[in-house]
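Report on the structure
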Amino acid sequence: MIKLFYAPGTCALAPHIVLEWIGEPYELEKVQLGSPEYLKINPLGQVPAMIDGDSDVMNQPDAILKYLAQKYPDAKLGSNGTLQDAYELNRWLAFFTGDFHPAFYPYFRPNRYWIEEDENAHKTIKEAPYKLIVRVFAHLNNHLEGKDYIVGDRLTVADPYAFAMIRWGNYIPNKPLSDYANVFRFYQQFKQDNAVQRAMSQQGIK
Ligand SMILES: N[C@@H](CCC(=O)N[C@@H](CS)C(=O)NCC(=O)O)C(=O)O
């Protein structure tokens, strides 16, 4: 059986939603990021991590998402098999992993980026990522013009990955998600999905 390690509201929400869609039994374990117990499972201390039966511990959200899509082809959440579609899926997973997610790192973990206890420097570090956050949201907003899904005209594992991170936009002061009309529409629609609601309620998040 698959076991997913998660912390509420993190990018682990993406594989959690996918597991709900797939509908096979799985286990869920809530962990404390970076705790000594969890470091024994994932030496990076990050989530998501996943074990499938007697597999090694897997990590990296995009790799886990692709694994699930490939393991359960009937769920049709991966590439449709054309070269162009595979490229599109990889491109968007790479965007979320390589651009969108890191834009938030200094916002969520500013203490990793300062070397002095200086209040002004701390404020600057926390606010500096806003420029990058605006850039990734604007890019996604342009992409979603007239579109309901990240890749093609169907659900893929890229959609819950997008959703988990778009949700973080709610924490940015003075920049409501509704400023990005297409992103906001995508977010609101996606939130209606029963599996998404189940995963969010299991994690205790809104
Ligand atoms: N590259 C990371 C991506 C996952 C990631 O950064 N997860 C965040 C939560 S969304 C995390 O665990 N942050 C805690 C930390 O970086 O210590 C991995 O190894 O899986």
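Structure first, text after, so check above.
Computed from a prediction, not measured in an experiment: that's the story for all the values here.

Section: the sheet that holds strand β3 (residues 49-52)
Pairing within the open sheet is mixed, and its four strands lie in the order β2-β1-β3-β4. Each edge of the open sheet carries a strand with a single partner, namely β2 (26-30) and β4 (58-59). Where helix α3 (residues 61-71) meets the sheet, its contacts fall on β1 (2-6), β3 and β4, and the angle it forms with β3 comes to roughly 30°.

Focus: the pairing of β2
When β1 meets β2, the two strands line up parallel, connected through five bridges. Paired with Phe-5 across the bridge in β2 is Glu-29.

A word on the site of the ligand
The environment of the ligand is formed by 14 residues, the closest being Cys-11, Gln-46, Val-47, Gln-60 and Arg-112. Within the side chain of Tyr-105, one N or O atom sits 3.4 Å away from an oxygen atom of the ligand. Arg-112 is positioned such that a nitrogen or oxygen atom in its side chain is 2.7 Å from an oxygen atom of the ligand. A breakdown of the residues in the shell around the ligand according to their chemical character gives seven nonpolar, five polar and two charged. A domain split of the shell around the ligand shows at least three residues from each of domain 1 (2-76 + 199-203) and domain 2 (83-193).

The rules behind the values
Residues numbered from 1 in each chain as written. Predicted model: local features only at pLDDT ≥ 70, side-chain atom pairs only at ≥ 80, totals over all residues. Heavy atoms only, no water. Pairing = 2+ DSSP bridges. Helix = DSSP H or I, 4+ residues; strand = E, 2+ residues; numbered from the N terminus. Contact = heavy atoms within 4.5 Å. Axes fitted to C-alpha atoms, helices over the stretch in contact; angles between N-to-C directions. Near = heavy atom within 4 Å. Polar contact = N/O pair within 3.5 Å; in protein donor to acceptor, adjacent residues only side chain to side chain. Nonpolar A, V, L, I, M, F, W, Y, C, P; charged D, E, K, R; others polar. Domains from an automatic or database assignment.

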